[in-house]
Amino acid sequence: MVASWELVLRLRERRDQVGIEVRNITQALGFSRNYWSAVENERKILSEESLTKVLELLEFDEEERRELLELRGVAKKRGWWTQYSGLLDRELQRLYGLEAGAQSVRTYESLLIPGLLQVPDYARAIMIPDVTIRQVEVDQRVGVRLQRQERLKGEDPLRLTAIVSEAALRQQIGGPAVLRRQLEYLAEIIEEYPDTIEIRVIPFTATACGLFGSATVHLIDFENPRLPTVAWQETVTAMGIIDYPTHVRDISMSYGESLRRTLDKQDSLKTIRQFIKELS
């Protein structure tokens, strides 16, 4: 997903630089405008022959042509999320693909533990009462959530910063036993991955927060400097990737301001442990 996105970004950027109109490309390659639109929206990947012609038309040098043809090869490989095309809509698949290739994620949930940190019973408890999800899909969706979490482990783990409200630590999703296990997991993963996972709690005493009133917010950052930060927002009725630079900047600023209002890492862990003790 990240490779196909970078490929499209670089083609579009180069097209603007050299001043070539879409119709020049479609005429030269015998494409319809709709086909090229699908390419630029990552719904189709050009054949090697067609991409080679586009690279010549856009006057890329030899080194960049090799890079872009290599990106095409990577983009053709199917990520784990593609096997769930019947379960997940295109926007969710895009989110998981971007996460898989990201360097870091900054996340916030209003009244829930973020999905990248949920244990199975907690995730299942959220989904079961949801009238938009059929019962037969619940276990599949829980499995997808656990597969996402594999990026937090391994040789090149995703760096995660999660802002969690005190309300989320107290909301008894699934009942006290489920919540206790969820909080125990948060404490365990903080201690196991101190260099890559940071969980920060917004206490009830916080008088304001730029993210209050938001539902789910992710900011996804990449190691490759060619790739801009993108955001994901999700509410009850809408979800999607946000890549408009001004909007992403505003969300990033709100996130930074909110992070300054959280407890520090040690006090956040201490608060989580306190709530575990209360539930025990």
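Scroll up for the structure.
S.K.: Can you help me understand the overall build of the protein chain in this one?
M.R.: A count of helical and extended segments in the protein chain gives twelve helices and six strands. Counting only C-alpha atoms and orienting by the principal axes, one finds that the protein chain spans roughly 70 × 40 × 35 Å. Burial statistics for the protein chain: of 280 residues in total, 49% are counted as buried. Sequence-distant contacts, at least 24 apart, represent 71% of the contacts inside the protein chain between residues at least 6 apart.

S.K.: Would you take a moment to explain the layout of surface pockets for this structure?
M.R.: Empty space among the atoms becomes visible once a probe the size of a water molecule is rolled across them. In this structure, the second largest pocket spans a volume of roughly 370 Å³. Taken together, 15 residues make up the lining of the second largest pocket; nearest its centre are Met1, Glu42, Ile45, Ala75 and Thr82. Taken together, the residues of the lining of the second largest pocket sort by class into four nonpolar, four polar and seven charged.

S.K.: Please explain the sheet that holds strand E1 (residues 104–109) as it appears in this structure.
M.R.: What links the strands of a sheet is backbone hydrogen bonding, and the strands pair in either a parallel or an antiparallel sense. Pairing in this open sheet of six strands is mixed, and the strands run E3-E2-E1-E4-E5-E6 from one edge to the other. The outermost strands of the open sheet, each flanked by one partner alone, are strand E3 (197–202) and strand E6 (239–242). Averaged over all pairs of adjacent strands, the angle between their axes in this sheet comes to 15°, without regard to strand direction. Sheet analysis places strand E2 (residues 159–165) next to E3, joined by six bridges and oriented parallel. Looking across to E3, one finds that Leu160 is bridged to Ile197.

S.K.: Looking at this model, I keep getting lost on empty space enclosed by the protein. Mind explaining?
M.R.: Applying the stated criterion across every chain, the model contains one cavity of 30 Å³ or more. As for the largest cavity, its lining consists of Ser4, Leu7, Val8, Leu11, Val39, Lys44, Ile45, Leu46, Leu51 and Ala75. It is helix H1 (residues 2–18) that contributes the most residues to the lining of the largest cavity, four residues altogether.

S.K.: Mind showing me how you'd approach the pairing of E1 here?
M.R.: Note on strand geometry: in a regular strand, side chains alternate between the two faces of the sheet. For E1, the tally of buried residues reaches five of six residues, placing the bulk of the element in the interior. Pairing of E1 with E2 involves six bridges; the strand directions are parallel. Residue pairing across strands places Glu109 opposite Val164, the latter belonging to E2. The sheet contact formed by E1 and strand E4 (residues 216–221) spans six bridges and is antiparallel. The partner of Glu109 across the bridge, within E4, is Thr216.

S.K.: How should I be thinking about helix H3 (residues 33–40) in this particular structure?
M.R.: Think of an α-helix as 3.6 residues a turn; residues three or four steps apart then line up on the same face. Within H3, burial applies to Trp36, Ala38, Val39 and Glu40. Packed against the buried residues of H3 are H1, helix H2 (22–29) and helix H4 (48–57). Phi turns positive one or two residues past the end of H3, at Glu42, with a value near 65°.

S.K.: Would you mind showing me how to read the side chain of Thr161 here?
M.R.: Tracing the sequence through the fold places Thr161 in strand E2. Assessed through its relative accessible area of 17%, Thr161 is described here as buried.

S.K.: I tried to follow the nonpolar core on my own but got confused; where do I start?
M.R.: In globular proteins that are soluble, nonpolar side chains generally tend to be buried together. Ranked by size, the top nonpolar core spans 49 residues in total, and within it Leu117, Leu169, Leu183, Ile199, Phe222 and Ile272 carry the most contacts. Broken down by secondary-structure element, the contributors of at least two residues to this core are H1, helix H6 (90–100), E2, helix H9 (166–170), helix H10 (176–192), E3, strand E5 (230–234) and helix H12 (265–279). If you tally residues by element for this core, the top one is H10, at eight residues. Excluding residues within four positions of it along the chain, Leu117 makes contact with Gln149, Leu152, Leu160, Ala162, Gln182, Tyr185, Leu186, Ile189 and Ile199.

S.K.: Just checking my understanding: could you explain the packing of aromatic side chains for this structure?
M.R.: For any pair of aromatic rings, the description rests on two quantities: the centre-to-centre distance and the angle between the ring planes. Under the definition given, this model contains five aromatic pairs. Between Trp80 and Trp81, the aromatic rings sit 5.9 Å apart at their centres with planes inclined by 80°, giving edge-to-face as the arrangement. Connected via pairs of aromatic rings, a cluster forms that spans Trp80, Trp81, Tyr84 and Tyr96. Seen from the ring of Phe60, Arg14 lies directly overhead, with NZ or CZ sitting 5.4 Å from the centre.

S.K.: For this particular structure, what's the right way to read the packing of H10 against H12?
M.R.: How two helices pack is summed up by the angle between their axes together with the distance between the axes. As a packed pair, H10 and H12 sit with axes 9 Å apart at the nearest point and diverge in direction by 150°. Between H10 and H12, the angle is such that the two are roughly antiparallel. In this structure, H10 crosses over H12, and the sense of that crossing is left-handed. Here Pro176, Leu179, Arg180, Leu183, Glu184, Leu186, Ala187, Ile190 and Glu191 of H10 come into contact with H12, specifically with Leu269, Ile272, Arg273, Phe275, Ile276 and Leu279. Of the residues that constitute the contact of H10 with H12, the class distribution is eleven nonpolar, no polar and four charged.

What counts as what
Residues numbered from 1 in each chain as written. Predicted model: local features only at pLDDT ≥ 70, side-chain atom pairs only at ≥ 80, totals over all residues. Heavy atoms only, no water. Helix = DSSP H or I, 4+ residues; strand = E, 2+ residues; numbered from the N terminus. Buried < 20%, exposed > 50% of the residue type's maximum accessible area, 1.4 Å probe, protein only. Contact = heavy atoms within 4.5 Å. 1 Å grid on protein atoms, 1.4 Å probe; cavity = no way out; pocket = protein on both sides within 12 Å on 5 of 7 lines; lining within 4 Å. Points joined across faces, edges and corners; volume = space filled by probe spheres on them. Nonpolar A, V, L, I, M, F, W, Y, C, P; charged D, E, K, R; others polar. Pairing = 2+ DSSP bridges. Axes fitted to C-alpha atoms, helices over the stretch in contact; angles between N-to-C directions. Core = buried A, V, L, I, M, F, W, Y, C linked by side-chain atoms within 4.5 Å. Phe/Tyr/Trp six-rings, centres within 6.5 Å; stacked < 30°, edge-to-face > 60°. Lys NZ or Arg CZ within 6 Å of the ring centre and 35° of its normal. Parallel < 35°, antiparallel > 145°, perpendicular 65-115°, else oblique. Left-handed = near helix turned anticlockwise from the far one by under 90°.

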